[in-house]
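# Chain and residue survey
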Amino acid sequence: MRSPIDSEDGQRRQRAQSAPLGVALMLAVMIVATTAVVALSAGAITSTQSELGTERTQKAMTELDSRTALVALGQSGVQQVSLSERGSQQYRVEEGAGWMNLSYENTTTGTQTTIYNETMGAVVYESENDRTIAYQGGGVWQSDRGDRSVMISPPEFHYRNATLTLPLVTVQGESSLDGRAVVTHNNTTRYFPNKKLNTQFQNPLNNGRVTVTVRSRYYRAWGAFFETRTDGDVEYEHANNVVTAELVAPVDKQRLTSATSSLSASGGFTVNGGATRNDTCGAAADVYTDSYNSSGTTNDYCTQADNGNLGDDGDVVYGQNIDISGGAAGEDFNGDLVSGRSVIVGSGSGKPDVDGNISYTDNCSPSVSDCQSRIVDPDGSVKQISGVDQAAAINGIVRDRLETAASDNDNAGTPADGENIDYTSGTAELEDGTYYLTDLTVASGDTLTLDTTSGDIVLAVQENVELGDGATIEVEGPGTVSLYVGGTGGHTDHIFLDDDAAVTNLGDDAPQFRAYGRDNLTVTIGGGSSSHPAKYVGVIYAPPGVTGTGSVTIDGGLVYGGILTGQTTIENSGKGGIHYDEALRTRNILSRDDSVVKVTYIHASVNQVNVTST
């Protein structure tokens, strides 16, 4: 048994051992903490140094951008730029880095011309973490190892008030640069306007498409710049590091000045049978074409016919042949026939007459005298011309309208909520707004009312439009209805009106309803019955461009308004007629949004500079 003294001595020994252990533990904790602080501080210092280095490089490149512009654009003969001291040996000139292509397509003829295709080159700084900052094409760009890129300073690309100014700056020079760069001018070539290089390189542009294509490591940043600085379409080829901006010149053929036309080398006009009329028009003779005027009156075509107010402006203007030899006697064309190829009237009696002029480019068949015999206007003539005007296709406009409406529309809470019209008791009504539909079908006997009292209506139909027997689309109010048809449903007819079907409004006001289509839009008006003709009041505007296959077939139908398409045929089984609304002469067919001027003038040059060390 221990004595009290022995116990006290043991406790003293334990306390004596604990003291050095505590000190050791404290020292260990302090060492670990100090090491962590030092390590963290080192990382923070390294990160801060890296960020500061990046900022210095960005400033150096921006300064290089500013001074290079002075030299490239002729405001200075030579400029010098101090590069950041840290890592200055990492600056280099890459003469083969990236390219830019500037092209112009005449959408009337389909001809595409390269204005220039130039290697841009670049002054590049690459940091230790594979981040690059580069001066290229007149701008400063930054990317990381993941090929994400951003713009630091914009390129020499100015798009304002329908004018594209593009003085491209290209770089040549030494493969490596020291702490100072010297910028000198090499050469400047003005490409557009410049009729010496190409007679087509002149302003203003009409019916054209301008494309700017860039291949670059920084193509994503170039694309973001195009998207924010232009009104054009921007497309990416990620596999090739390429981005393209498309800018469209204004469409200059925006008015319909004839009853029916193609204004293209790809479309003609053929009559295979007789004319027909609306049975309510007691005083109107059967005619293939004539004219009336809905402007400033609520009197429809029949009322104007009864009052003797019809006109003879039912012109037929086509790039290909106009063949009326299959028509019937006593059923006239009250207007001019104008062909970019030949007018074929047939010989002998039993053929339609022409109350106007006949103009042809190649031939008047069977002979000029046969053509002259068909003219009943005392002042009419037969003459040879050099050709007809052409109209560009509007495929891009239709595509843009469909895509915009698909993502932003007023379908919710309306009969179009399911992207198809929901008819209750055979009727449905839409008010002002934009509606996106997979297809637009009005079943036999049903009625769709489009009320424009409070504003215009836009119908964007991805596939097809079909009106059954006796179906009606009725436009009410003073506004305009614009129908954009994609025609992607695989149907033979993208727009079809069966017997007794009608697209109509008060006063046969053609400018109030406008159907737009691509260059392959196919339309049939009428189901083959001459006694129950379909009625279409409005515009069909689908220019075929150069190679389009669009067509309108009238097979027991009457059109009140105007047609611009490829091939037009009046079939024998149902017959047909086109009554031109003279109000269209003063109306732009494309809406303000569609016809917005994107590029009218180009000012383009390539400015070469050398970047070397002192």
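Residues numbered from 1 in each chain as written. Predicted model: local features only at pLDDT ≥ 70, side-chain atom pairs only at ≥ 80, totals over all residues. Heavy atoms only, no water.

### Topic: empty space enclosed by the protein
What counts is decided by this rule: Each cavity reported here is a set of points on a 1 Å grid over the protein atoms alone in which a 1.4 Å probe fits but cannot get out, each pocket an open set with protein on both sides within 12 Å along at least five of seven lines, and each lining residue one with an atom within 4 Å of a point. Grid points are joined across faces, edges and corners, and a volume is the space filled by probe spheres set on the points. Only DSSP runs of H or I reaching four residues or more are called helices, and only runs of E reaching two or more are called strands; each is numbered from the N terminus. Amino acids are sorted into nonpolar (Ala, Val, Leu, Ile, Met, Phe, Trp, Tyr, Cys and Pro), charged (Asp, Glu, Lys and Arg) and polar (every other residue, Gly among them).
Counted by the stated rule, this structure contains one cavity of 30 Å³ or more. As a volume, the largest cavity reaches approximately 40 Å³. Surrounding the largest cavity, Val-465, Leu-467, Ile-473, Leu-483, Ile-495, Leu-497, Val-503, Phe-513 and Tyr-536 form its lining. For the lining of the largest cavity, the secondary structure elements donating two or more residues are β31 (465–467) and β34 (495–497). Residue classes in the lining of the largest cavity are distributed as nine nonpolar, no polar and no charged.

### Examining the confidence of the model for the protein
What counts here: pLDDT is a residue-level measure of predictor confidence that goes from 0 to 100. Two residues form a contact once any of their heavy atoms are found within 4.5 Å.
The predicted model of the protein has a mean per-residue pLDDT of 86, with 84% of residues at 70 or higher. Note on residues 10–16: pLDDT under 50 across the span, and zero contacts to partners over four residues away in sequence or across chains. The model gives residues 36–50 a pLDDT under 50, and that stretch makes one contact with residues more than four places away or in other chains.

### Regarding the state of the cysteines
Put simply, the test is: We call a pair of cysteine sulfur atoms a disulfide when they lie within 2.5 Å. Exposed residues in this analysis have more than 50% of their type's maximum accessible area, buried residues have under 20%, and partly exposed residues fall in between, with area computed by a 1.4 Å probe over protein chains only.
The final tally for this structure, using the stated rule, is one disulfide. Bridging Cys-364 to Cys-371, the disulfide has an S-S length of 1.9 Å. Here the disulfide of Cys-364 and Cys-371 is left-handed, its torsion about the S-S bond being about -115°. Exposure remark for Cys-364: the relative accessible area of 6% places this residue in the buried category. Overall, the relative accessible area of 0% leaves Cys-371 in the buried class.

### Topic: the nonpolar core
Our working rule: Think of a nonpolar core as a cluster: buried Ala, Val, Leu, Ile, Met, Phe, Trp, Tyr and Cys residues, connected wherever their side-chain atoms sit within 4.5 Å.
If you look at the biggest cluster of nonpolar residues, it comprises 89 residues, and the most contacted ones within it are Ile-358, Leu-440, Leu-448 and Leu-450. When residues of this core are assigned to their parent elements, the largest contribution, six residues, is made by strand β38 (residues 534–541). In this structure, Val-124, Tyr-218, Ala-221 and Val-599 belong to the second largest nonpolar core, which totals 37 residues.

### Quick word on the packing of aromatic side chains
Here the distance between the centres and the angle between the planes together describe a pair of aromatic rings. Heads up, the rule is: Only Phe, Tyr and Trp rings are paired, with Trp represented by its six-membered ring, and only when their centres lie within 6.5 Å; those with planes under 30 degrees apart are stacked, over 60 edge-to-face, the remainder tilted.
Scanning the entire structure with this criterion turns up 18 aromatic pairs. On the basis of an interplanar angle of 25° and a centroid distance of 4.5 Å, the ring pair of Trp-141 and Trp-222 is categorised as stacked. On the criterion of sequence distance, the pair formed by Trp-141 in strand β7 (residues 139–143) and Trp-222 in helix α2 (residues 219–229) is long-range, its members being 81 residues apart. For the pair shown, Trp-141 and Trp-222 are each scored as buried. Ring geometry for Phe-269 and Tyr-318: centres 5.7 Å apart, planes at 45°, overall tilted. In this pair, Phe-269 is assigned in strand β16 (residues 269–271) and Tyr-318 in strand β18 (residues 316–318), connecting sequence segments 49 residues apart. For the pair formed by Phe-269 and Tyr-318, the shared burial category is buried. Among the aromatic residues, those joined into a cluster by ring pairs are Trp-141, Phe-157, Trp-222, Phe-225 and Phe-226.

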